[in-house]
Structure formats: C-alpha cells, structure tokens
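Structure assessment
Given next are the chains, with one letter for each unit.
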Amino acid sequence: MANTLARMERDGLVTRQKDAGDARAQRIWISDRARALRDPAIGAAQAGNDDMFDTLSAAERAQFIALLRKIIASQTGGET
C-alpha cells in the first residue's frame with residue numbers, strides 16, 4: 001500500500017499529510033488531477049468489459065456475473 005501511495009503522490013494523484021493528532025497516521029486526499037481522470041478511466045474499463053462480454057450470450061453473462069459474485073462473497077464473508 002505504501003508503494004502504491006508513493007507512486008500516486010509522485011504522479012500528482014493524491015496528497016499526504018501527517019495527522020496532527022496521531023503521529024502514526026497520515027491523511028490522504030485525492031487531487032483534482034485524479035478526479036479529472038475518473039470518468040475517462042471508467043469509460044475505458046467499461047469499453048473493455050463490453051468488448052469482452054460481446055463474446056458471451058446473455059445467459060453466459062448472467063452466469064459469469066453470478067460466479068464472480070459468489071467468489072467475492074466467499075472472500076469477504078458476505079453476500080453480494
């Protein structure tokens with residue numbers, strides 16, 4: 001996590017400051033630059049998903065999503 005945050009800070013995506021009340025903690029804020037990247041990133045991911053799902057029938061898509069939800073639920077201890 002620390003390496004990821006360091007790269008994000010280097011790339012201007014987040015800012016970090018030590019917490020005034022707890023020297024062990026840091027406060028992290030998302031930057032305006034990162035906010036501007038949100039919609040294009042979601043669009044690119046959605047386009048990739050759409051391309052992938054084009055090869056599946058509607059029934060296969062539903063089954064795939066159900067299986068992913070089952071896997072996620074097993075890892076989080078809950079249901080989705």
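Because the structure is a prediction, the values reported are computed rather than measured. (Residues numbered from 1 in each chain as written. Predicted model: local features only at pLDDT ≥ 70, side-chain atom pairs only at ≥ 80, totals over all residues. Heavy atoms only, no water.)

What follows concerns the pattern of salt bridges. Pairing between side chains of opposite charge can happen when the charged atoms of each approach one another. Under the counting rule described, the total for this entry stands at six salt bridges. We note a salt bridge from Arg 24 to Asp 22, for which the minimum N-O separation is 3.0 Å. Note on Asp 22: relative accessible area 25%, which makes it partly exposed. (Salt bridge = Lys/Arg side-chain N within 4 Å of Asp/Glu carboxyl O. Buried < 20%, exposed > 50% of the residue type's maximum accessible area, 1.4 Å probe, protein only.)

Okay, the confidence of the model for the protein next. Model confidence for the protein is summarised by a mean pLDDT of 92, while 96% of its residues fall at 70 or above. Mean pLDDT in the protein bottoms out at helix H1 (residues 2-10), which sits at 93, and peaks at helix H2 (residues 32-53), which reaches 95. (pLDDT = per-residue confidence, 0-100. Helix = DSSP H or I, 4+ residues; strand = E, 2+ residues; numbered from the N terminus.)

We now examine a nonpolar patch on the surface. Together, Met 52, Phe 64, Ile 65, Leu 68, Ile 71 and Ile 72 make up a nonpolar patch on the protein surface, roughly 500 Å² of accessible area in all. Per element, the largest residue contribution to the nonpolar patch is five residues, and it comes from helix H3 (residues 58-76). Among the secondary structure elements, Phe 64 is positioned in helix H3. Given a relative accessible area of 32%, Phe 64 falls into the partly exposed group. (Patch = residues over 30% accessible without salt bridge, like charges linked within 9 Å, V, L, I, M, F, W, Y side chains within 5 Å. Areas by Shrake-Rupley, 256 points an atom, 1.4 Å probe, with all protein chains shown as cover.)

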